[in-house]
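Summary of the model geometry
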Amino acid sequence: MTTVTDPPPLPPRRSLGGTLVMALPLLIFLGLVVAFVFRLGNDDPSRLPSALIGHPAPTTGLPPLEGLNVDGTAVPGLDAQAFAGRVSVVNVWASWCVPCHDEAPLLRALGNDKRFQIVGINYKDVPENARRFLGRYGNPFDVVGVDANGRAAIEWGVYGVPETFIVGRDGKIAYKLVGPITAENVDRVLKVEIEKALRGGA
């Protein structure tokens, strides 16, 4: 006599939401891989997008670099009014940053142009080392704010040190250069963007 058995039960169907939750870590990982490959293969780091372009520069106040003086006068820290009415080149730097050493002479040369100010954000550095760095290469900065805990860098959307921003007279970020200032990009890119800001963004 043949016995008829019931077919094995079908596995429970996953909801669309459950599938998405399970796939989310993989999607995030793939997104990070794509971003990493894009940055490695990008000959012009300035092409990396910044959500802050066209928005007001962060107004986080930063204390001055203790002991940094020019002609006997202390170099001021960064305050909310630092960008009012002036074109500013904002450089995020540190003495421990190898590319910062390479870009320092180019930044110093930019400092000779008094049509704009150069603002330094010293990132997670030792004050003595930061002063020694500026003593070695020369101080291009009109303002130096110390970002000891990295909070300001987060607010500026910094990917890594060094980075350079251009802030217009209206206090809005007009341009962002990811990576060091180099002999290749200082004339071709950075000075062009500075001139645009000096003309009022034209």
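Another point: the pairing of strand 5 (residues 143-147). Most of strand 5 is tucked away, with 5 of its 5 residues classed as buried. Along strand 5, one buried face is formed by Val143, Gly145 and Asp147 and the opposite face, lined by Val144 and Val146, is buried too. Alignment of strand 4 (residues 117-123) against strand 5, held across 5 bridges, turns out to be parallel. Counted as the bridge partner of Ile121 is Gly145 from strand 5. Read from strand 4 through helix 3 (residues 127-137) to strand 5, the crossover connection turns out right-handed.

Read across the open sheet, the 5 strands follow the order 5-4-3-6-7; overall the sheet is mixed. Of all the strands in the sheet, the pair left with one neighbour each is strand 5 and strand 7 (173-178). Taking each pair of neighbouring strands and ignoring which way they run, the sheet shows an average axis angle of 20 degrees. Of the strand pairs in this sheet, strand 3 (residues 88-93) and strand 6 (residues 163-167) are connected by 5 bridges, and their pairing is antiparallel. Counterpart to Val89 in the pairing with strand 6 is Ile166. Its contacts with the sheet put helix 5 (residues 185-198) on strand 3, strand 6 and strand 7, and the angle it makes with strand 6 is roughly 25 degrees.

One finds Leu110 and Trp156 to be the most contacted residues of the largest nonpolar core, which totals 48 residues. Per element, the largest residue contribution to this core is 6 residues, and it comes from helix 5. Beyond its immediate sequence surroundings of up to four residues, Trp156 is in contact with Leu52, Ala57, Pro58, Phe83, Val90, Ile121, Phe165, Val167, Ile173 and Lys176.

Let us look at the state of the cysteines. Counting across every chain of the model gives 1 disulfide. In this model Cys97 forms its disulfide with Cys100; the gap between the sulfur atoms is 2.4 Å. Sign of the S-S torsion, about 85 degrees for the bond between Cys97 and Cys100, identifies this disulfide as right-handed. Its relative accessible area of 1% is what places Cys100 among the buried residues.

So, about the environment of Val189. Within the secondary structure, Val189 sits in helix 5. A C-alpha to C-alpha distance of 8.8 Å links Val189 and Leu177, two positions 12 residues apart in sequence.

Our next topic: the packing of aromatic side chains. Counted by the stated rule, this structure contains 6 aromatic pairs. Relative to Tyr137, the ring of Phe133 lies with its centre 5.0 Å away and its plane at 55 degrees, an arrangement referred to as tilted. Here the residue Phe133 and the residue Tyr137 both occupy positions in helix 3, the gap between them amounting to 4 residues, near one helical turn. Pairwise contacts between aromatic rings join Trp93, Phe133, Tyr137 and Phe141 into one cluster.

Bringing the pattern of salt bridges into the picture now. Side chains that differ in charge, positive against negative, can pair when their charged atoms come close. According to the stated counting rule, one finds 6 salt bridges in the structure shown. For Arg151, the salt bridge is made with Glu155, and the minimal N-O distance between the two is 3.3 Å. Taken together, the positions of Arg151 and Glu155, both in helix 4 (residues 151-156) and 4 residues apart, correspond to about one turn of that helix. With a relative accessible area of 29%, Glu155 lands in the partly exposed category. A salt bridge links Lys191 to Asp187; the nearest nitrogen and oxygen atoms lie 3.1 Å apart. Separated by 4 residues within a single helix, Lys191 and Asp187 lie in helix 5, roughly one turn from each other. Within this structure, Asp113, Arg115 and Glu195 form a network of salt bridges that share partners.

Definitions and cut-offs
Residues numbered from 1 in each chain as written. Predicted model: local features only at pLDDT ≥ 70, side-chain atom pairs only at ≥ 80, totals over all residues. Heavy atoms only, no water. Buried < 20%, exposed > 50% of the residue type's maximum accessible area, 1.4 Å probe, protein only. Helix = DSSP H or I, 4+ residues; strand = E, 2+ residues; numbered from the N terminus. Pairing = 2+ DSSP bridges. Right-handed = clockwise from strand over helix to strand, strands pointing away. Axes fitted to C-alpha atoms, helices over the stretch in contact; angles between N-to-C directions. Contact = heavy atoms within 4.5 Å. Core = buried A, V, L, I, M, F, W, Y, C linked by side-chain atoms within 4.5 Å. Disulfide = S-S within 2.5 Å. Phe/Tyr/Trp six-rings, centres within 6.5 Å; stacked < 30°, edge-to-face > 60°. Salt bridge = Lys/Arg side-chain N within 4 Å of Asp/Glu carboxyl O.

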